[in-house]
Amino acid sequence: GKWATTQPKSPPTSLALQYMDATYSLQLGQQWPSVRVSLLCEKKYGALLNNFSHESALADLQAQGCMDFIGHTDQDAQPFLDEASGGEPEGSMEQEISSSVSLNKSDSVDEELSPLQLSPNIKCLVFPRGDITRFKAARPDGFGLLSYYLMDAASVLPCLALNVQQGDSVLDLCAAPGGKTLALLQTQTIRFLCVNDASVSRTMRLRKVLHSYIPKELLTNDRIRITSFDGTKWGEIERNTFDRVLVDVPCTTDRHSLMEDDNNIFKKSRTSERRQLPQLQTELLLAGVEAACPGGEIVYSTCSLSQLQNQCVVEQAIHLARERHGIHLQVVSLRPLTHTFRKTFHFAPDLHLGEMVLPHLAANFGPIYMCKLRRLN
Amino acid sequence: QSAPHNHKPAAFPRQPVTELSRCALLDMGFTDIQAEEVYETVSKAKGANASKHALSTLTALFVLGLNPSTVLKMLQKSPELYGVKDSQLHQRIGNLRKLGLVEGSLQRVVVHHPQILTMPVKRIKNVVIFLREKCMFTGQQVTDILRDSPAVVEENPAQLEYKFQYVYFRMGVKQAEMVKSRLFRFTLDEVRSRHCFLERRGQYQTPDKKGQTIIINPKLNDILCADQAAYLTDIAKASAEEYDVFQKLMVREWKEEDQRQSYTEDDSDD
Ligand SMILES: C[S@@+](CC[C@H](N)C(=O)[O-])C[C@H]1O[C@@H](n2cnc3c(N)ncnc32)[C@H](O)[C@@H]1O
């Protein structure tokens, strides 16, 4: 066929696999084979319910056997508090980096003891563990709004971690195509939402998504602003402003890179772009930190397992925020969150910084890495 | 209560038993219950020569040295055996001998897979030709395959070819190893599931042109012959839950792959 001549000898998907075998087998050890087979098999979706649709899909989806993993967490989530006071083992790396950055274990523990608050309005339905049923595409209601958005259910976690409060102003720095933006909007507590993505074409897609899910009257200029700036420059535009900032950075998109040769970051021609990712990610996180107001909270997230793109970026950003801008950051523990959802997702055990959803065949979500920071000054 | 057919040794002293009676069956060593079962089955069979064919079949099987219980089990497994003509049966047994199934092996084959005696010689020959010419098995290897996995003769030739090619090319396994691991006892899906699971976990690699791999592949024999629990704990080192979901996913993947392929075949018609 027409592809035969352009097919490279090592397709980018193979290069991606080689790379991941080399790095993740060291990083994940014994768990890598289980994660690997999951990445190479069909992933599971979640259906983010659209509260703005006039026809709720909830009953219909429940009849098909799904359930809302957020509202329906088991009630024994609370005994976690006992475990925590009993001295949860924490990563030893935390001590190591606490010498250079403001990482304080006792600060984290305070957070662990405070009860987990989740927006009651975000609902995401998933088929049970081990069930491989697929979702049907959502249909528009009488007003043209779709009743649910299909996305990796683990992608909702960074939005939950952001813990948006009534009246907050929120920045979604790398927002397209908009799955997480939609999840944030479901909370219905945001006073002002700033949605940005550097790619103009992807921002167009984002607009379409928003118009398919959110009524026009909620997309007015006083409520939402959609831009296509280079996020790394945000600090030059708008500093010390937002209560909440989501920094969902471009990354090696591990699952995509293993499955699709099109638009693959492991293409030979994109090698330097790929190598520069951690730097870009750090700049984006720093810009997000600058955009947050003192006391504001920032969630950094990726859909890669790579330490270099996850923990290392966060460490580096914490360091640079202080060096360059004199901003002190505190790492906020996400243990209450991961504990609450431990039946739905496989979380990587003992990460020294942040939390990570590991793909698993029975719950084939993720990978998602997230780390929450609070700006102290 | 007399049987409808009695032997008449006095009238036909030099003739062997030609009709099947309960008595004759008891004489052959069947128990009362077994004799009754055989008798009932044969009486119900249609055709004028049913009883004659049944008798010759029983005789031929006893000549192979099989005991009555074993013979009964074979007939239960493959009742068509009752109706096979004497001459055909001899030809088929002779053919199996010619294929190298010596005493012991021959018995093993017909006991495990009595259907093999209901098949035309031609069909068996075709399978043998296929194994020798398309798959390059040696004569001895073919004999071993027939001995260890006689059901191979039932397989659809296209399926058989696909299974062979899968193991040869995708798994990089040579003929001797296939014979040793009794490959043909397993369905294609069993082989593919176990292999693909290891491959996607990074525990199996297709050898390159020089036959080399970066990791050491587990032996085909170890992959196939272990029961599922042992395969999971010793070879894959995974949980039953994972493998369970994996198999469900594979069934769907393969089905969709087949559908895609039949679409593209349709496309290429024009
Ligand atoms: C992981 S995706 C975001 C997914 C999105 N948050 C969602 O949930 O649907 C990363 C995005 O970052 C955007 N991006 C890349 N470089 C950027 C930059 N310098 N500033 C802002 N956005 C950037 C890409 O266009 C891409 O859409």
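Values in this document were obtained by computation on a predicted structure and should not be read as measured data. (Residues numbered from 1 in each chain as written. Chains lettered and ligands numbered in written order. Predicted model: local features only at pLDDT ≥ 70, side-chain atom pairs only at ≥ 80, totals over all residues. Heavy atoms only, no water.)

### Brief notes about the site of the ligand
Residue and element names in this part refer to chain A.
Here is step 1 of the chain: By nearness alone, 21 residues border the ligand, and Asp197, Arg202, Asp230, Gly231 and Asp248 come closest of all.
Here is step 2 of the chain: A distance of 2.9 Å separates an oxygen atom of the ligand from a polar atom in the backbone of Gly178.
Here is step 3 of the chain: The separation between a nitrogen atom of the ligand and a polar main-chain atom of Gly231 is 2.7 Å.
Here is step 4 of the chain: Expressed as a share of its isolated accessible area of 600 Å², the protein-covered part of the ligand is 86%. (Near = heavy atom within 4 Å. Polar contact = N/O pair within 3.5 Å; in protein donor to acceptor, adjacent residues only side chain to side chain. Areas by Shrake-Rupley, 256 points an atom, 1.4 Å probe, with all protein chains shown as cover.)

### A short note on the interface of chain B and chain A
Here is step 1 of the chain: Counting residues at the interface gives 15 residues for chain B, matched by 16 residues for chain A.
Here is step 2 of the chain: With both chains or domains summed, chain B and chain A bury close to 1400 Å², and 56% of this area falls on carbon and sulfur atoms.
Here is step 3 of the chain: At the surface where chain B touches chain A, the tally comes to 3 salt bridges.
Here is step 4 of the chain: Across the pair Glu241 of chain B and Arg129 of chain A runs a salt bridge, and its minimum N-O distance is 2.7 Å. (Contact = heavy atoms within 4.5 Å. Buried area = accessible area lost by both parts, 1.4 Å probe. Salt bridge = Lys/Arg side-chain N within 4 Å of Asp/Glu carboxyl O.)

### Points about the pattern of salt bridges
Residues and elements named next belong to chain A.
Here is step 1 of the chain: One pass over the structure, following the stated rule, counts 26 salt bridges over all chains.
Here is step 2 of the chain: Of the charged contacts, one joins Arg270 and Glu273 as a salt bridge, the two residues approaching to 2.8 Å between their closest N and O atoms.
Here is step 3 of the chain: What makes Glu273 partly exposed here is its relative accessible area of 37%.
Here is step 4 of the chain: Residues joined by salt bridges that share partners form a network here, namely Asp168, Arg244, Glu297, Lys372 and Arg374. (Buried < 20%, exposed > 50% of the residue type's maximum accessible area, 1.4 Å probe, protein only.)

### Structural notes on the nonpolar core
Here is step 1 of the chain: If you look at the biggest cluster of nonpolar residues, it comprises 80 residues, and the most contacted ones within it are Phe137 and Phe197 of chain B.
Here is step 2 of the chain: Looking at this core, the element that brings in the most residues is helix α14 (residues 240-267) of chain B, giving 6 residues.
Here is step 3 of the chain: If you count residues domain by domain, this core takes at least three from each of domain 1 (1-84) and domain 2 (185-265) of chain B.
Here is step 4 of the chain: Beyond its immediate chain neighbours, meaning those up to four positions away, Phe137 of chain B contacts Leu131, Arg132, Val142, Ile145, Phe164, Gln175, Met178, Val179 and Phe184 of chain B.
Here is step 5 of the chain: Membership of the second largest hydrophobic core comes to 50 residues, among which are Tyr24, Val249, Phe266 and Leu353 of chain A. (Core = buried A, V, L, I, M, F, W, Y, C linked by side-chain atoms within 4.5 Å. Helix = DSSP H or I, 4+ residues; strand = E, 2+ residues; numbered from the N terminus. Domains from an automatic or database assignment.)

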